[in-house]
Amino acid sequence: MLLQNAIKMKKILLIFLLASQLLSCQGAAKMGGSKVNSFALVDTGQTATIYHDAADTKLVAKAAELFAADIHRVTGRQARVVTSREALAGQVVIIGTLGQSKLIDQLAQKHQELHSIGGSWERYAIKTITNPFPGVDKALVIAGSDRRGTAYGVMSLSETIGVSPWYWWADAPVRQREELTLEQVDIVSASPSVKYRGIFLNDEAPALRGWAEEKFGGFNHTFYEKVFELLLRNKANYLWPAMWQPSAFYADDPLNPQLADEYGIVISTSHHEPMMRAHDEWGRADRGPWNYEQNKDKLREFWRGGIERMGDYESVVTVGMRGDGDEAMGEGTAVDLLKNIIADQRRIIEDVTGAPAEATPQVWAIYKEVQDYYDKGMRVDDDILVLLCDDNWGNVRILPKKEDLDHAGGYGMYYHFDFVGGPVSYRWQNVTQIERVWEQMTLAYAWGVKDLWLVNVGDLKPMELPISFFLDLAWDAEGMEAAALPDYYVQWAGEQFGPEYAVEIAELLSTGTRYNARRTPEMLAPDTYSLTNYREAEQVLAGYRELRKKADQLQHKMPESHQSAFYQLVYAPLAMIGNLHEMYVAAAKNNVYGEQSRASTNFYADQVRHFFEKDAQLTRYFHDTLANGKWNHLMAQTHIGYTSWNNPPVNKMPAV
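Computed from a prediction, not measured in an experiment: that's the story for all the values here.

*Asks:* Can you break down the side chain of Thr75 residue by residue, with the values?
*Replies:* Within the secondary structure, Thr75 is located in helix α3 (residues 58–75). Residue classification places Thr75 among the buried residues on the basis of a relative accessible area of 15%. At a separation of 2.8 Å, a polar atom in the side chain of Thr75 contacts the main-chain carbonyl oxygen of Ile71. In this structure the side chain of Thr75 is engaged in a polar contact, spanning 3.0 Å, whose partner is the backbone nitrogen of Arg77.

*Asks:* Pulling in residues and values, what's your account of the environment of Leu626?
*Replies:* Turning to its location among the elements, Leu626 is positioned in the segment after α21 (601–625). Using a relative accessible area of 3% as the deciding quantity, one classes Leu626 as buried. Taking C-alpha positions, Leu626 is 9.1 Å from Gln563, a pair spaced 63 residues apart along the chain. Those residues in contact with Leu626 that sit more than four places away from it in its chain are Ser564, Tyr567, Gln568, Tyr621 and Trp631.

*Asks:* So what's going on with the environment of Asn220? Which residues, and what values?
*Replies:* For Asn220, the location among the structural elements is in the loop between α7 (207–216) and α8 (221–233). If near-sequence neighbours (up to four positions away) are discounted, Asn220 is found in contact with Asp253 and Asn256.

*Asks:* Any details on the sheet that holds strand β2 (residues 46–47)? Residues and values, ideally.
*Replies:* The strands that make up a sheet are held in pairs by hydrogen bonds between backbone atoms, and each pair lies either parallel or antiparallel. The sheet built from three strands is open, its strands ordered β2-β1-β8 with antiparallel pairing. Unpaired on one side and paired on the other, β2 and β8 (180–183) mark the two borders of the sheet. One ladder, built from two bridges, connects strand β1 (residues 38–43) with β2; its direction is antiparallel. Its bridge partner lying in β2, Asp43 is registered against Gln46. Packed on one face of the sheet, α3 meets β1 and β8 and runs near 70° to β1.

*Asks:* Could you give an account of the pattern of salt bridges, naming the residues involved and the relevant values?
*Replies:* For the coordinates displayed, the defined rule picks out 31 salt bridges. A salt bridge links Arg233 to Asp70, with the nearest nitrogen and oxygen atoms 3.0 Å apart. Taken together, the positions of Arg233 in helix α8 and Asp70 in helix α3 put the pair 163 residues apart, joining distant regions of the chain. You'll find Arg233 and Asp70 in the same group, each marked buried. Residues Arg545 and Glu582 are paired through a salt bridge, measuring 2.7 Å at the closest nitrogen-oxygen approach. Separated by 37 residues along the polypeptide, Arg545 in helix α19 (residues 536–557) and Glu582 in helix α20 (residues 560–595) bring together distant segments of the chain. Three or more residues joined by partner-sharing salt bridges are found here, namely Glu122, Arg147, Arg148, Arg197, Asp261 and Glu314.

Calculation criteria
- Residues numbered from 1 in each chain as written.
- Predicted model: local features only at pLDDT ≥ 70, side-chain atom pairs only at ≥ 80, totals over all residues.
- Heavy atoms only, no water.
- Helix = DSSP H or I, 4+ residues; strand = E, 2+ residues; numbered from the N terminus.
- Buried < 20%, exposed > 50% of the residue type's maximum accessible area, 1.4 Å probe, protein only.
- Polar contact = N/O pair within 3.5 Å; in protein donor to acceptor, adjacent residues only side chain to side chain.
- Contact = heavy atoms within 4.5 Å.
- Pairing = 2+ DSSP bridges.
- Axes fitted to C-alpha atoms, helices over the stretch in contact; angles between N-to-C directions.
- Salt bridge = Lys/Arg side-chain N within 4 Å of Asp/Glu carboxyl O.

Fair warning: the whole summary comes from geometry, so function is off the table for now.
In structure tokens, the structure reads:
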């Protein structure tokens, strides 16, 4: 059974345990069984009140408001959110953090489940308690060991009642119900497998940037609020913000870091942006060359400003240095120079914060040529987290040496779903199989890489599936086994679309990403697949055509509420990449048949033009028509006509 398999995959995640309980009583509109042992969030004539302590963190207040909004999305009923204990009566939801909420602390004295999570990292306990206080008949208590633990418990309940983390970012439909009743709940989570879990918004022009500028006016706090909520709902806690010119997270909108902290999102900066500074900030004033040997005073002043601006926001400071524009510092490996740079940066941190450097979390990214420093024996202070990386193509490049496994600062992994660089960039569609992610990241985890998992997601869309998987795996790396991966597709499809067509959608997702991973769209050419050897090209086309046929059939079965999400998550990738293969195979036939002076040469020339124009039509539909233009620009990455590693300025049809 799918839900049983899902429980095996995520033993401690509330959503799957509760989902198995809730869906066991599917016959009625409400979710639940005996009212004696159940808790009614929404029942005939009443809606539970949601309480949090006004003295608790802003994140807990946001989680309470999000949960109330989710109840409204499902039922159309508005739950009250209160901070006054006197307002509590009947059935109430009590949300709070140990040590921050007096009511939670009182309950923890009586209930060991709540008390047991104290002092832990990002744990939560959820328990229904009968008659917890005078006047309160029953309480659904969501307690966190810290502010994020509390929020994750709340967001797990949101997912349980049918609100996908992708309800906004992919228009995932919310199943409507008149009543919401939970069975008796008694759940205690473990801490996540990986301490810091997050994404990097990289290479964002023209797609993500064009979309953000049109919809929000740029990468400002209204844009990032959507990103922070998505991360929170996926139980992530870490972000490298958009950073390519002209983006600067702190400088462009002072509310960006403030809002990140309110959502519990830890902000850091990318592998070539030390000391909480966006690289674009360097060029906004006449500061001279980005060269420590020639211009150390200006660089120190620049970095000091980054640490001063960071303030008390929860952050991880990137240390070290690379060259200007994400390049190497210079020829060779200047180990002594880089050691001096990091030592100077740590002195700045100490001077600004008034505390030892080790009191501020720091990370050193071993990316590309920086690994040469590590290979030549360079090591950093024991408290600095060492961020290893893949080869930009999803293969783990380096793991800690055995003699370094006791490094107190721990290790992280920087992984890629999107990359701009040689031999050819890939950034248009998802070409990442979750099976490969599981293999590589499970290997890293087994070797002690447990402190930070970060993935480059490019424009964020259309990487929804691998983002979910990466963050789920980071949450419970030990609970997800290889044999359960096929069921993950089914589970994820069910979360987005409901159980009715989950198996069929899962097949399209798993087979489609397997096909896409054979050759990235940007690397396709007329000679990619052979026309003669085992009719390879025809077999490739037949595979995509079969998937497209199944997707067409499913699309007609989907209700209107599901159409937008189905197109984004399932249909569009198959149609767009399948069409691209049709174009290139037609170009191959045109080339070969032209050499053979066949009469069909011009037919295939016309076919190339047809499929090239179809590519533009599919893009226009995604931008102009889908969801009334909500996603305009997000398919704008050029993907036809690469002649070097970098993207061409426009799509260019193959020569015929």
